[in-house]
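# Reading the structure
Single-letter residue listing:
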Amino acid sequence: YRIEISDSIGVFATINDILIGELWLSGGQSNMEFVIGNTNSYEEILSNINTEYLRFFLEPTRPYLDGTPQPLTPCYDIQDAYWEYGNTTTNALKNKMSAVAAVFAYNIQKELDVPVGVINTAVGGTRIHQWISRDAIESNEEMLELYKNNNLYFPITETQTKINYTWSVLYNAK
């Protein structure tokens, strides 16, 4: 499908190659992060997902190990993230896509016979509290108190100065 956005003057934006179907979020720790290329059956998996009806949203894993500042608030535009087709000719899926999520997408697409997209967000070694936005924590007094009592919450200014953005500060960790 294609969407054209227009006004009284005419079409000013076009979005091509739109599929309508299922969209799933793949999240978790190292077992979900485990990429296709690290499996013993990576060739079979890549062969199975080789279809234009599977799409995978790949984003860079954080924390960056090159010293790049870490975000302290939710990101609405993820630098270097992109959609990859199941029938890609690059090594992106082999090297970046969760094997579990890819097999799941293949099975769902085969069963439902509709296009399937997967947003790949698994990051090994992270805990659930690192995925909850600072706003969500601060808007819930009970949750905020629990985080403070367990040494899991710090004011944003203290976080910035103490760690200089260098380790897993997804949104709210020390």
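These numbers were taken from a predicted model, which means no experiment stands behind them. (Residues numbered from 1 in each chain as written. Predicted model: local features only at pLDDT ≥ 70, side-chain atom pairs only at ≥ 80, totals over all residues. Heavy atoms only, no water.)

In the structure shown here, the tally under the stated rule is three salt bridges. Between Glu-4 and Arg-2 there is a salt bridge, with the nearest N and O atoms lying 3.2 Å from each other. By relative accessible area, which is 42% here, Glu-4 ends up partly exposed. Judged by relative accessible area, which is 55%, Arg-2 ranks as exposed. In this structure, Asp-17 and Arg-55 form a salt bridge, with 3.2 Å as the shortest nitrogen-oxygen distance. Note that Asp-17 is positioned in the loop between strand E2 (11-15) and strand E3 (22-26) and Arg-55 in strand E4 (residues 54-58), a separation of 38 residues in sequence. (Salt bridge = Lys/Arg side-chain N within 4 Å of Asp/Glu carboxyl O. Buried < 20%, exposed > 50% of the residue type's maximum accessible area, 1.4 Å probe, protein only. Helix = DSSP H or I, 4+ residues; strand = E, 2+ residues; numbered from the N terminus.)

Let us now look at the nonpolar core. Ranked by size, the top nonpolar core spans 19 residues in total, and within it Ile-36, Ile-49, Phe-56 and Met-97 carry the most contacts. Listing elements by their share of this core, those giving two or more residues are E4, helix H3 (92-96), helix H4 (99-112) and strand E6 (116-120). Looking at which element gives the most residues to this core, the answer is H4, with six residues. Apart from the residues lying within four places of it in its own chain, the contact partners of Phe-56 are Ile-49, Tyr-82, Trp-83, Glu-84, Gly-86, Leu-93, Met-97, Ala-102, Ala-105 and Val-118. (Core = buried A, V, L, I, M, F, W, Y, C linked by side-chain atoms within 4.5 Å. Contact = heavy atoms within 4.5 Å.)

What follows concerns the sheet that holds E6. Taken in spatial order, the four strands of this open sheet run E3-E6-E4-E5, and their pairing is mixed. Among the strands making up the open sheet, the edge pair consists of E3 and strand E5 (82-85). Direction aside, the axes of adjacent strands within the sheet are offset by 25° on average. With five bridges joining them, E3 and E6 adopt parallel strand pairing. The residue of E6 that forms the bridge with Trp-24 is Val-118. (Pairing = 2+ DSSP bridges. Axes fitted to C-alpha atoms, helices over the stretch in contact; angles between N-to-C directions.)

This brings us to the packing of aromatic side chains. A full pass over the atoms with the stated rule returns two aromatic pairs. Judged by centre distance (4.9 Å) and plane angle (80°), the ring pair of Trp-24 and Phe-104 falls under edge-to-face. Linking Trp-24 in strand E3 with Phe-104 in helix H4, this pair joins segments that are 80 residues apart in sequence. You can call Trp-24 partly exposed: its relative accessible area is 34%. Of the residues examined, Phe-104 reaches a relative accessible area of 32% and is grouped as partly exposed. (Phe/Tyr/Trp six-rings, centres within 6.5 Å; stacked < 30°, edge-to-face > 60°.)

Its place among the elements puts Thr-121 in the loop between E6 and helix H5 (134-138). In this structure, the C-alpha to C-alpha distance between Thr-121 and Gln-29, residues 92 residues apart in sequence, is 9.3 Å. When neighbours within four sequence positions are excluded, Thr-121 is seen to be in contact with Leu-25, Ser-26, Gly-27, Glu-59 and Trp-131.

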